[in-house]
2 protein chains.
Amino acid sequence: MTKELVFGHQNPDTDAIAAAIALAYLEKQDGYDTEAVALGNVNPETQFVLDYFGVKAPRVVNAARPETDQVMLVDHNEPQQSISDIADLTVTHVVDHHRISGFNTEKPLYYRAAPYGCCSTIITQMYSEEGVDIPKEIAGLMMSAIISDTLLLKSPTTTDVDREALQALAEIAEVPDYADYGVKMLKAGTNVDAKTAVELITGDAKSFTLGNKQVRIDQINVVDLADITKRLAEIKAAMKVEAQSANYDLFLVLATNVLTSNSMLIVVGDPKTAVTNAFHTELDENDVMNLPGVVSRKKQVVPPLTEALENN
Amino acid sequence: MTKELVFGHQNPDTDAIAAAIALAYLEKQDGYDTEAVALGNVNPETQFVLDYFGVKAPRVVNAARPETDQVMLVDHNEPQQSISDIADLTVTHVVDHHRISGFNTEKPLYYRAAPYGCCSTIITQMYSEEGVDIPKEIAGLMMSAIISDTLLLKSPTTTDVDREALQALAEIAEVPDYADYGVKMLKAGTNVDAKTAVELITGDAKSFTLGNKQVRIDQINVVDLADITKRLAEIKAAMKVEAQSANYDLFLVLATNVLTSNSMLIVVGDPKTAVTNAFHTELDENDVMNLPGVVSRKKQVVPPLTEALENN
């Protein structure tokens, strides 16, 4: 049996790490020689989770080829989000909850995708289908991943399957008050004060072409939006520098209070009317707007902005 | 709930039809408004199956857009094998047992693939996981699909999961002697006498670039290889015309006896040495070789021929 590496996307979040550990364990029960690894160091939120459940962070790898040519992907499929030598590898399994894009294979494989809020929710289903008991600490990791991806079930990406999986996992992990645990975990990932302005605006940034504009959208999780407002001048200055050097027409930073599910949006660049039209909200004198109830870039920011920029 | 069409690939075989009917029924239990359709008329083997279990052939469609923009794919994912307006549709579900190639979506979806011998085997698993009883006639269709795709479990593509699914489906379908049924079904699909030479050499032909040669490989299922030998001159003449007009370097016809799992290979074009090297077998004076035990183009013909042509 060839050894197989199991990993999530670059810049791993809690789901990428939890899903890799959980799938590696499940497939080991089926006789595969698996090892969960990571395509980068774990973030502070994930470190909190690993410490809580007494699990070691997966080894960080940059390429698979020195060790193996067979891999399993979790929480991603797009090659540019994957390991550096993905083009030279055989992917035998994928478990994911994103769109499929640019993913091609030469041979048939196991591919399992569902449009749930979290990849770990799918893996929880797979344990149940295969009748494999979830070890307590792996249940804890997957529970944390669901809390992280759905912001404690408040994101509009949340499905009933995520809700049921979270309940079941919290029982196995013996964390009856998962809401209390979840707030502590989310807070651990939101230490804004410890980060530079550049770290804040690049940490979770993605690029999009909307209409004919190049748009960059970053998201920062916080427990108090005042942590952002007090550094607004510094953050906007960093956004302007970044927008100019990378030729973004618009640079948006969505700062989200993970406790209240409200966001503020900071806007640099043009056309600003597209942003105000998208959210039917005016910008204040600092080019900031409040967006109560907005937490999902994928579901609540990109679609209205796409429409506004296409009609601009 | 938007209506969704469910269909297999163009030139549908028994698995494409059976899997579409079976998935449409399963997803209907989940509340989807599904209809199984087909991207072409059923072949004689599938007609035998439908008649045996008293099921109407699915309606043939050429495009989805007049009716709906949401579809589910079975037994394929590559756009060129799919419905004509696939680029304008949203694919919500895929169940397949092939490689993934050229398949891209804008949104997350349900995707279920496994490297089994038959797509209906995966759908049989899904019924079991979801606790849905398989209706007798749908079990009969899926049983037939497994027999068809694996040539009664003799193809090297066959897995233990296919074997178990076939047993379970035969019980539900109340066909205890599935081998006897299977031979009758396979025979129904092999009426060589009723076809012209051009129909025989194009019916199941696929093109490959191997080494730097353009290679065309057709497969004909028969119950008696004498049906082919008696028409050899006519078939070779048709192969030569086709090879010249389409610029194939090599044209191979693999005639497979579905009862004995032996094949004969007819070779037109060059380099013939690559073919003899690939199979360690000489050609007779009619450019024919016997290949005992060879039934799978994908697993037993393309790989050795690729190696031989790359080293030619």
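What you see is a predicted model; the values in this text were computed from it and never measured.

For the rest of this paragraph, the subject is the interface of chain A and chain B. At the interface, 22 residues of chain A touch 21 residues of chain B. Approximately 1800 Å² of surface area, both sides summed, lies buried where chain A meets chain B, with 57% of it carried by carbon and sulfur atoms. Here chain A and chain B share 0 salt bridges between them. At the boundary of chain A and chain B, one finds 8 residue pairs in polar contact (both at pLDDT 80 or more). Looking at the side of chain A that touches chain B, the element that brings in the most residues is strand E6 (residues 110–113) of chain A, giving 4 residues.

Screw-axis analysis of chain A against chain B gives a translation of 0.0 Å along the axis, an RMSD of 0.2 Å, and a rotation angle of 180°. Between the two chains, the operation in question is that of a two-fold axis. Minimal C-alpha separation from the rotation axis in chain A is found for Arg112 of chain A, amounting to 2.5 Å. In this assembly, 95% of the residues forming the interface of chain A have copies in chain B that are likewise at the interface, indicating an isologous arrangement.

What follows covers the sheet that holds strand E11 (residues 288–292) of chain B. Residue and element names in this part refer to chain B. The 5 strands lie next to each other as E7-E8-E9-E10-E11, forming an open sheet whose pairing is mixed. The open sheet is flanked by strand E7 (205–210) and E11, the only strands paired with a single partner. Sheet twist, expressed as the average angle between the axes of neighbouring strands with direction ignored, equals 25°. Against the sheet, helix H10 (residues 272–279) contacts strand E9 (250–257), strand E10 (262–269) and E11, and its axis sits at roughly 160° relative to E10.

Residues Leu23, Phe53, Ile123, Tyr127, Met143 and Ile147 of chain B are the most contacted members of the largest nonpolar core, which totals 54 residues. A total of 9 residues in this core trace back to one element, the largest contributor, which is helix H1 (residues 14–29) of chain B. Other than its neighbours up to four places away in sequence, Leu23 of chain B contacts Val6, Met72, Val74, Val95, Ile123 and Met126 of chain B. By size, the runner-up hydrophobic cluster in this structure holds 52 residues, among which are Ala20, Val42, Ile146 and Met185 of chain A.

Residues and elements named next belong to chain A. According to the domain assignment, chain A consists of domain 1 (3–187) and domain 2 (192–311). The centre of domain 1, based on its C-alpha atoms, is set 28 Å off from the matching centre of domain 2. Opposite the 8 residues of domain 1 that make contact, domain 2 presents 11 residues. When the buried surface of domain 1 facing domain 2 is broken down by residue, Leu151, Lys154 and Pro156 rank first, second and third, together holding 48% of it. Where domain 1 touches domain 2, the interface holds 0 salt bridges. Run the count over domain 1 and domain 2 and you get 1 residue pair in polar contact (both at pLDDT 80 or more). Residues of the side of domain 1 that touches domain 2, tallied by class, amount to 4 nonpolar, 2 polar and 2 charged.

Take the pairing of strand E4 (residues 70–74) of chain B next. Residues and elements named next belong to chain B. Across the 5 residues that make up E4, a large majority, 4, are buried. Of the strand pairs in this sheet, strand E1 (residues 3–7) and E4 are connected by 4 bridges, and their pairing is parallel. If you follow Phe7 over to E4, its bridge partner there is Leu73. With 5 bridges connecting them, E4 and strand E5 (residues 90–96) associate as parallel partners. Of the residues in E5, the one forming a bridge with Leu73 is Val94.

All names here are of chain A. Here strand E1 (residues 3–7) runs beside strand E2 (residues 33–38); their pairing, made up of 4 bridges, is parallel. Residue pairing for E2: Lys3 is matched across the bridge by Asp33. This β-α-β element, E1 to helix H1 (residues 14–29) to E2, shows right-handed connectivity. Relative to strand E3 (residues 59–60), E2 is paired through 2 bridges, and the arrangement is parallel. Bridge pairing in E3 places Ala38 opposite Val60. Crossover connection from E2 via helix H2 (residues 44–53) to parallel E3: handedness right-handed.

Cut-off values and rules
Residues numbered from 1 in each chain as written. Chains lettered and ligands numbered in written order. Predicted model: local features only at pLDDT ≥ 70, side-chain atom pairs only at ≥ 80, totals over all residues. Heavy atoms only, no water. Contact = heavy atoms within 4.5 Å. Buried area = accessible area lost by both parts, 1.4 Å probe. Salt bridge = Lys/Arg side-chain N within 4 Å of Asp/Glu carboxyl O. Polar contact = N/O pair within 3.5 Å; in protein donor to acceptor, adjacent residues only side chain to side chain. Helix = DSSP H or I, 4+ residues; strand = E, 2+ residues; numbered from the N terminus. Least-squares fit on C-alpha atoms with pLDDT ≥ 70 in both. Pairing = 2+ DSSP bridges. Axes fitted to C-alpha atoms, helices over the stretch in contact; angles between N-to-C directions. Core = buried A, V, L, I, M, F, W, Y, C linked by side-chain atoms within 4.5 Å. Buried < 20%, exposed > 50% of the residue type's maximum accessible area, 1.4 Å probe, protein only. Domains from an automatic or database assignment. Nonpolar A, V, L, I, M, F, W, Y, C, P; charged D, E, K, R; others polar. Right-handed = clockwise from strand over helix to strand, strands pointing away.

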